[in-house]
Amino acid sequence: METHEAINEILNDLVKINNDRIVGYERAITEAKDLDIDLKAIFEAMIRQSSEYKEELAGKIKQDNGIVEDGTTASGKIYHAWMEIKHTFTDSDRHSILSSCEFTEDAAQRAYEAALSADTLTDAEIKQLIADEQVGLKKSHDLIKNQRNAHKALLK
């Protein structure tokens, strides 16, 4: 049987994965070189997308009188700490920034797939919201991957 707590937990997991994306893309903007203006614009669009998705998810949680979490996922915190260490030892180039962003996009896709396959999620409206957001995130993933591949091809 569907419980409000289980649904809110799923929605909060997606809020946190969007928070991971926001933190990751803010970091990517900082790491991008001044010549990577195109990437900075893409990253800013990704931040806006996650902010919008987070608000949609939070609205559903609040509608059910739930509490919206504001942190990031545990794996996101570990990943961001690893990125800090990696940055200390290597230069941030376009390819490595895009590869890191693709890693975050892969994690978002897995989180949304898990949410959609959860047995406790039977509310059609919420399922549709999650499916719609996943489609948008897949487009973002593909854009990042295409940017990475295009840059890689230029290096050959």
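Residue numbers here run from 1 along each chain, matching the order of that chain's written sequence. Whole-chain, interface and lining totals are the exception, using all residues; otherwise, since this is a predicted model, local features are given only for residues with pLDDT of at least 70 and side-chain atom pairs are given and counted only at 80 or more. Neither water nor hydrogens contribute to the side-chain values; these are computed over all heavy atoms in the structure.

Quick look at the overall build of the protein chain
Numbering of helices and strands runs from the N terminus, with a helix taken as a DSSP run of H or I at least four residues long and a strand as a DSSP run of E at least two residues long. Each helix and strand counted, the protein chain has five helices and zero strands in total. Shown N-terminal to C-terminal, the secondary structure of the protein chain runs as helices and strands in the order α-α-α-α-α. Counting the 156 residues in the protein chain, one finds 44% classified as buried. Should any heavy atoms of two residues lie within 4.5 Å, those residues are counted as being in contact. Within the protein chain, counting contacts between residues at least 6 apart in sequence, those at least 24 apart form 81% of the total. Only protein chains enter the calculation, and the probe is 1.4 Å; a residue is then buried if its accessible area is under 20% of its type maximum, exposed if over 50%, and partly exposed in between.

Some words on the packing of aromatic side chains
Pairing of aromatic side chains requires ring centres within 6.5 Å, counting the rings of Phe and Tyr and the six-membered ring of Trp. Pairs whose planes differ by under 30 degrees are stacked, by over 60 edge-to-face, and all others tilted. Tallied over the entire structure, the rule returns one aromatic pair. Between the aromatic rings of Y25 and F43, the centroid separation amounts to 5.4 Å while the plane-to-plane angle is 35 degrees, which identifies the pairing as tilted. Within this pair, whereas Y25 is found in helix α1 (residues 4-31), its partner F43 is found in helix α2 (residues 37-63), the two being separated by 18 residues in sequence. Comparing Y25 with F43 shows no difference in burial state: the two are buried.

Here's the deal with the pattern of salt bridges
Once the charged atoms of two side chains with opposite charge are near each other, the side chains can pair. In what follows, salt bridge is the name for a side-chain nitrogen of Lys or Arg lying within 4 Å of a carboxyl oxygen of Asp or Glu. Using the criterion set out here, one finds nine salt bridges in the structure. A salt bridge links R94 to D38; its shortest N-O distance comes to 2.6 Å. Highlighted residues: R94 in helix α4 (residues 94-117) and D38 in helix α2, separated in sequence by 56 residues. A relative accessible area of 16% places R94 in the buried class. Residues joined in a network through salt bridges with shared partners are D13, K16 and E69.

Thoughts on α2
Given a rise of 1.5 Å per residue, 27 residues ought to cover 39 Å, and the 39 Å separating the end C-alpha atoms of α2 matches this to within 8%. Those residues of α2 not exposed but buried are L39, I42, F43, M46, I47, Q49, S50, Y53, L57, A58, K60 and I61. Buried-residue contacts for α2 involve α1, α4 and α5 (124-155). Immediately beyond the C-terminal end of α2, within one or two residues, lies N65, with a positive phi of roughly 60 degrees. Helix span is expected to be 1.5 Å times the residue number reduced by one.

Some words on unusual backbone geometry
We note that N65 has phi near 60 degrees; this positive angle belongs to a residue other than glycine. Within the element layout of this structure, N65 appears in the loop between α2 and α3 (74-89). N65 sits in the exposed class, given a relative accessible area of 71%.

Structural notes on the nonpolar core
Think of a nonpolar core as a cluster: buried Ala, Val, Leu, Ile, Met, Phe, Trp, Tyr and Cys residues, connected wherever their side-chain atoms sit within 4.5 Å. Grouped together as the largest cluster of nonpolar side chains are 18 residues, with contacts concentrated most on L11, L14, L57, Y112, L121, I126 and I130. For this core, the secondary structure elements donating two or more residues are α1, α2, α4 and α5. With six residues, α1 is the single largest residue contributor to this core. With 13 residues, the next largest nonpolar core counts I22, A32, I42 and F43 among its residues.

Considerations on the packing of α1 against α5
An axis is simply a line fitted to the C-alpha atoms; with a helix, the fit covers only the stretch in contact. Between two such axes, the angle follows the N-to-C directions and lies from 0 to 180 degrees. For the pair α1 and α5, the least separation of the axes is 13 Å and the interaxial angle reads 20 degrees. Our classification of the angle between α1 and α5 gives roughly parallel. Our pair here, α1 against α5, has a crossing hand that is left-handed. Note on element contacts: α5 touches α1 through I126, I130, L137, S140 and I144, opposite I7, L11, L14, R21 and Y25. The cut-offs work like this: below 35 degrees is roughly parallel, past 145 is roughly antiparallel, 65 to 115 is roughly perpendicular, and the gaps in between are oblique. Each crossing gets its handedness from the near helix: less than a right angle anticlockwise from the far helix is left-handed, clockwise is right-handed.

A closer look at the environment of G71
Position of G71 among the secondary structure elements: in the loop between α2 and α3. Sequence-wise, G71 and D13 are 58 residues apart; in three dimensions their C-alpha atoms are separated by 9.7 Å.

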